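One letter stands for each residue in the lines below.
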Amino acid sequence: MRSVQSSFVLVLIGSLVACGGAAPPPSAPEPAEAEAAAPSAAASGEAAEDGDGKKEEDAAADASRQIPTTCEQKGDVCVPPAAFVKRLCSGFYPDVALSLFAKGSPFTRGYLTRDTEAWNASGGSSSNDKLLFDEEVLILYHRAPDTGGMVVSGAGGGYDVLRWDGTCASLMTEEVRQHVPPKPKFAPIPWKSLDEKTREAFQADEKVGKIVAERRKECKGATMGAVSAKCEKVDKQMGAALIEYVRGGGALPAPGALK
């Protein structure tokens, strides 16, 4: 009998030891810990969205630097993309102007209805030379009239235009028309401001190269101040030859992207 009792005691003690040594079940996460994990996931999502937005902004900025070859129809004019125009008129790009005015380019040309002071509403470079009656320009952007929400008869807004010299100008609607005059005028191309490769392409043409060489001889590098009458004459002849070359489809190197 004593032996049985001893066995029972040993079994009972073993059971108690086994229960005391078992690992407790995992506890559920505290509410505060769960709440802390949720913002972390949300922040990761927001970071990904910010990254995608930055990529889209960079792509749009890069696109606005590229020289367009197609236009966007805006009413009765076909113009370059607005983002490109904004960047173009905030700087000075005479080589780009030659590309946009090239034969076969799709952009709408306009012609001045009167002599007009040159000013640039975009804040970029503008010429000191007036726009002249019948001067050819390239229409870049149509500015809607600011009437404060009222309907005003005859309020036609205006245009931002590009001149042959690479500067932009802002005109009232009545200052430009699309009818081509018998003898259009052109803003003088700034020879010294052109890229060296562009100048080389002009000089490679037999007719243009001859006039450029004659101008260099007569003007000796000067085109302003005290210059001879012959220098002034040949300088105008060179300007006309450059424009004739571009309008006639003469080959020029593609200009680089805008800054």
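**Some points on the overall build of the protein chain**
Scanning the protein chain for helices and strands turns up 7 helices and 7 strands. Of the regular secondary structure in the protein chain, the N- to C-terminal order runs α-α-β-β-α-α-β-β-β-β-β-α-α-α. The proportion of buried residues among the 259 residues of the protein chain is 32%. Residue pairs at least 24 apart in sequence account for 64% of intrachain contacts in the protein chain once pairs closer than 6 positions are excluded. Taken as a whole, the protein chain presents about 16100 Å² of accessible surface, with 57% of it coming from carbon and sulfur.

**Considering the layout of surface pockets**
Put simply, the second largest pocket is a space of about 280 Å³. Along the walls of the second largest pocket sit 15 residues, with Tyr-93, Asp-95, Val-96, Pro-255 and Gly-256 positioned nearest its centre. Top element by residues in the lining of the second largest pocket is helix H4 (residues 94–101). It accounts for 3 residues. For the lining of the second largest pocket, the class distribution of residues is 8 nonpolar, 4 polar and 3 charged.

**Some points on the packing of helix H5 (residues 196–204) against helix H6 (residues 206–219)**
The N-to-C vectors of H5 and H6 enclose an angle of 110 degrees; their axes lie 5 Å apart at closest approach. With respect to their mutual orientation, H5 and H6 come out roughly perpendicular. Here Phe-202, Gln-203 and Ala-204 of H5 come into contact with H6, specifically with Glu-206, Val-208, Gly-209, Val-212 and Arg-216. Of the residues contributing to the contact of H5 with H6, the split by class is 4 nonpolar, 2 polar and 2 charged.

About the cut-offs
- Residues numbered from 1 in each chain as written.
- Predicted model: local features only at pLDDT ≥ 70, side-chain atom pairs only at ≥ 80, totals over all residues.
- Heavy atoms only, no water.
- Helix = DSSP H or I, 4+ residues; strand = E, 2+ residues; numbered from the N terminus.
- Buried < 20%, exposed > 50% of the residue type's maximum accessible area, 1.4 Å probe, protein only.
- Contact = heavy atoms within 4.5 Å.
- Areas by Shrake-Rupley, 256 points an atom, 1.4 Å probe, with all protein chains shown as cover.
- 1 Å grid on protein atoms, 1.4 Å probe; cavity = no way out; pocket = protein on both sides within 12 Å on 5 of 7 lines; lining within 4 Å.
- Points joined across faces, edges and corners; volume = space filled by probe spheres on them.
- Nonpolar A, V, L, I, M, F, W, Y, C, P; charged D, E, K, R; others polar.
- Axes fitted to C-alpha atoms, helices over the stretch in contact; angles between N-to-C directions.
- Parallel < 35°, antiparallel > 145°, perpendicular 65-115°, else oblique.

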